[in-house]
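Descriptive analysis of the structure
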Amino acid sequence: MFQIVTLTLLEGFRHTLRLFFLTLLFSLPLGLLISFGSMSKLKALKGPVRLIIWVVRGTPLMLQLLVIYYGPGILLHNNIWGSGDNGRFIAALVAFVINYSCYFSEIYRGGIQSIPIGQYEAGEVLGMTKRQIFFKVILLQVIKRIVPPISNEIITLVKDTSLARVIAVYEIIWEGQSYIKSAGIIWPLFYTGVFYLLFSGLLTLLFRRIERKLSYFR
Amino acid sequence: MAILEVRNLKKSFDSVEVIHDISFSMEEGETLTIIGSSGSGKTTLLRCLNFLESPDSGMIKVKGEELLCNETLSGMSEKILRRKRLHFGLVFQSFNLFPQYTALENIMLAPTLLAKSDSSFDASGIEDNAKQLLDQMGLSDRMDNYPHELSGGQQQRVAIARAMALRPDILCFDEPTSALDPELTGEVLRVIKDLAGKHMTMIIVTHEMAFARDVSDRVIFMDNGIIAEEGSPAEVIDNPQNERTIQFLSNYKKNI
């Protein structure tokens, strides 16, 4: 039995990890674009971007999942996600990417704006181009400052992926819970927690290592 | 011929005129000190010369080349702007060293980048030159230290070396010791005095009156965006004629 449960949960965890990594892959860069938008001097760009960030951060991710999955079908009579497991997974991915991009964008913005203006000015009077100042002077300082908040957000994402079950993405908790109905046992549900703990533990070690790598300067 | 000529420079922020029609010139090898109370426009003047602020109008000429004549910086291409501002070097009040680079790397970064984009800039001597500058600042043993491992005085000396690495025609100091305690102030002032002895052309904004008298060839007293008095240290500091200069210096008399 233990072996069967393990294999089933592993299959669920595969979906969890897929959602996790694909969300990061798209939302980390997209967040940077959004942060540039929210810092833009163009009011026509900055306004709408900040409005979107407010809405996305101000409503539950669960609600966003439901609206993004059911919305197009019911409002536009066009289920753009298609039917089947794959369609639901893509809808979940889109919701997660939008949600996490907005959170990441605010972390980026905070990091970029926390760099003293003197760093830019020092680069300017030394005849450096804007590009050189950003990539050679500013970027690493920003990365150092945002590693702790980003790692926090990423560890939250590990657990947030379980929300995808609300639109029937068969992630690990869905699989664990299925044993309550089918076999009347609850220990597989506890067992899912072990997967989360191990994985977030691994991430914690990774981020600690990055932080230590960047501790040579202040 | 004057190495620097500034004519009718004006600068306002919103509707507040910070620099009101300033003209002066300086000779090669001269040390010019600008004194005056806070808000008199000294720092803004330096920032205009270094193109960190765009003057509203006026002319800046270095070695006979007009860098700016009644135009704003926004109308200038970034490339031309960068080439023109290299006539000046600037040492900041708060050092502004790059924290992720060692002392030596701080000095080498800008010349290395410049050599990559501009083939006329010689890349071979950059490291030797940087080491030599650190040596001149008395910091040879500190070249591999990061800024946070250095004292404020040491950081400022690295910043001076960094500003000199691009061999500017005129080196500007914006209150270089204001962020330092008296003990560390001395070591930075000694370095600047040493440069004056080597006839580096310098403009120094400072509140260190004894130092200004000691090191300057000429002193400018600024008040409300204009040059209220100008002359040798003996004239301006020891025997001021202008009412405002007398009033300003009376705050220092006890200390000099």
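To keep things clear, this report deals only with the structure shown in the data block.

Calculation notes
Residues numbered from 1 in each chain as written. Chains lettered and ligands numbered in written order. Predicted model: local features only at pLDDT ≥ 70, side-chain atom pairs only at ≥ 80, totals over all residues. Heavy atoms only, no water. Contact = heavy atoms within 4.5 Å. Buried area = accessible area lost by both parts, 1.4 Å probe. Salt bridge = Lys/Arg side-chain N within 4 Å of Asp/Glu carboxyl O. Pairing = 2+ DSSP bridges. Helix = DSSP H or I, 4+ residues; strand = E, 2+ residues; numbered from the N terminus. Buried < 20%, exposed > 50% of the residue type's maximum accessible area, 1.4 Å probe, protein only. Lys, Arg positive; Asp, Glu negative; His and termini not counted. Axes fitted to C-alpha atoms, helices over the stretch in contact; angles between N-to-C directions. Parallel < 35°, antiparallel > 145°, perpendicular 65-115°, else oblique. Left-handed = near helix turned anticlockwise from the far one by under 90°. Patch = residues over 30% accessible without salt bridge, like charges linked within 9 Å, V, L, I, M, F, W, Y side chains within 5 Å. Areas by Shrake-Rupley, 256 points an atom, 1.4 Å probe, with all protein chains shown as cover. Phe/Tyr/Trp six-rings, centres within 6.5 Å; stacked < 30°, edge-to-face > 60°. Lys NZ or Arg CZ within 6 Å of the ring centre and 35° of its normal. Expected span 1.5 Å × (residues − 1). Arc of directions from axis to C-beta. Polar contact = N/O pair within 3.5 Å; in protein donor to acceptor, adjacent residues only side chain to side chain. Bend = angle between axes of the 7 residues up to and from the residue.

1. A look at the interface of chain B and chain A
Taken residue by residue, the interface counts 24 residues in chain B and 20 residues in chain A. Roughly 2200 Å² of surface becomes buried between chain B and chain A when both sides are summed, with 62% attributable to carbon and sulfur atoms. Where chain B touches chain A, the interface holds two salt bridges. Arg 47 of chain B serves as the salt-bridge partner of Glu 121 of chain A, at 2.7 Å between the closest nitrogen and oxygen.

2. Some details on the pairing of strand S5 (residues 65-69) of chain B
Look at any regular strand and the pattern is simple: side chains alternate between the two faces of the sheet. Residue and element names in this part refer to chain B. The pairing of strand S4 (residues 57-62) with S5 spans four bridges and is antiparallel. Paired with Val 62 across the bridge in S5 is Glu 65. Remark: two residues form the turn of the hairpin made by S4 and S5, two consecutive strands paired antiparallel; Lys 63 in that turn has positive phi of roughly 50°.

3. Regarding the pattern of salt bridges
Counted according to the given criterion, the structure contains 19 salt bridges over all chains. In this structure, Arg 85 of chain B engages Glu 124 of chain A in a salt bridge whose closest nitrogen and oxygen atoms are separated by 3.6 Å. Here Arg 85 of chain B, found in helix H2 (residues 78-85), pairs with Glu 124 of chain A, found in helix H5 (residues 117-125), and the two come from separate chains. With a closest N to O distance of 2.4 Å, Arg 218 of chain B and Glu 230 of chain B form a salt bridge. Linking Arg 218 of chain B in strand S9 (residues 218-223) with Glu 230 of chain B in strand S10 (residues 226-231), this pair joins segments that are twelve residues apart in sequence.

4. Section: the side chain of Lys 11 of chain B
Residues and elements named next belong to chain B. Tracing the backbone shows Lys 11 in strand S1 (residues 4-13). Among buried Asp, Glu, Lys and Arg side chains, Lys 11 stands out as unpaired, with Asp 56 the closest opposite charge at 4.2 Å. Contact partners of Lys 11, with chain neighbours within four places excluded, come to Val 16, Glu 17, Val 18, Ile 19, Thr 44, Cys 48, Glu 53, Ser 54, Pro 55 and Asp 56.

5. A look at the side chain of Asp 174 of chain B
All names here are of chain B. In this structure, Asp 174 sits in strand S7 (residues 170-174). Nearest to the buried, unbridged Asp 174 among oppositely charged side chains is Arg 47, at 6.0 Å. For Asp 174, the residues in contact, after removing those within four places along its chain, are Thr 43, Leu 46, Leu 90, Val 91, Phe 92, Gln 93 and Val 205.

6. Remarks on the packing of H5 of chain A against helix H6 (residues 130-160) of chain A
Residues and elements named next belong to chain A. The geometry of H5 relative to H6 is characterised by a closest axis approach of 10 Å and an angle of 160° between their N-to-C directions. Viewed along their axes, H5 and H6 adopt a mutual orientation that is roughly antiparallel. Handedness of the crossing formed by H5 with H6: right-handed. Residue-level inspection shows Gln 119, Tyr 120, Gly 123 and Glu 124 of H5 in contact with H6, the latter providing Ile 133, Val 137, Ile 138 and Gln 141.

7. A look at a nonpolar patch on the surface
Residues and elements named next belong to chain A. Together, Met 1, Phe 2, Ile 180, Ile 186, Trp 187 and Phe 190 line one region of the surface with nonpolar side chains, adding up to about 650 Å² of accessible area. Among the structural elements, Trp 187 can be located in helix H8 (residues 187-213). Assessed through its relative accessible area of 32%, Trp 187 is described here as partly exposed.

8. Focus: the packing of aromatic side chains
All names here are of chain A. This structure, assessed with the given rule, holds 21 aromatic pairs over all chains. For the pair Phe 96 and Tyr 100, a centre-to-centre distance of 6.5 Å together with 15° between the ring planes defines the contact as stacked. Of this pair, Phe 96 and Tyr 100 are both found in helix H4 (residues 84-113), four residues apart, which corresponds to roughly one turn of the helix. Taking relative accessible area as the criterion, Tyr 100 reaches 1% and is therefore assigned buried. Aromatic side chains Tyr 216 and Phe 217 sit 5.1 Å apart centroid to centroid with 70° between the ring planes, which places their arrangement in the edge-to-face category. You can call Tyr 216 partly exposed: its relative accessible area is 30%. Taking relative accessible area as the criterion, Phe 217 reaches 1% and is therefore assigned buried. Connected via pairs of aromatic rings, a cluster forms that spans Phe 2, Phe 13, Phe 20, Phe 21, Trp 187, Tyr 191, Phe 195, Tyr 196 and Phe 199. Directly above the ring of Phe 217 sits Lys 144, whose terminal nitrogen or CZ lies 4.9 Å from the centroid.

9. Re helix H7 (residues 172-183) of chain A
All names here are of chain A. For H7, which comprises twelve residues, the first-to-last C-alpha distance of 17 Å matches the rise-based estimate of 16 Å (1.5 Å per residue) to within 8%. Those residues of H7 lying buried are Ile 172, Glu 175, Gly 176 and Tyr 179. Buried residues of H7, seen end-on, are gathered within an arc of 100° and therefore sit on one face of the element. In the core, the buried residues of H7 are packed alongside helix H1 (2-38) and H8. In this structure Glu 171 caps H7, since a side-chain oxygen of it lies 3.1 Å from the backbone nitrogen of Ile 173.

10. A short note on H1 of chain A
Look at H1 of chain A: 50 Å from first C-alpha to last across 37 residues, which is about the 54 Å you get at 1.5 Å a residue. Ser 27 of chain A marks the point of greatest bend in H1 of chain A, at about 25°, and the proline Pro 29 of chain A comes within the next four residues.

11. Things to note about the sheet that holds strand S6 (residues 88-91) of chain B
Residues and elements named next belong to chain B. Within the open sheet, the six strands sit side by side as S6-S7-S8-S3-S9-S10. Their pairing is mixed. Among the strands making up the open sheet, the edge pair consists of S6 and S10. When strand polarity is set aside, the average angle formed by the axes of neighbouring strands in this sheet is 20°. By the bridge criterion, four bridges tie strand S3 (residues 31-35) to strand S8 (residues 202-205) in an arrangement that is parallel. The partner of Thr 33 across the bridge, within S8, is Ile 204. Helix-sheet contacts for helix H5 (residues 152-164) involve S6 and S7, and the interaxial angle to S6 is about 170°.

Any functional reading would require information that these geometric values do not contain.
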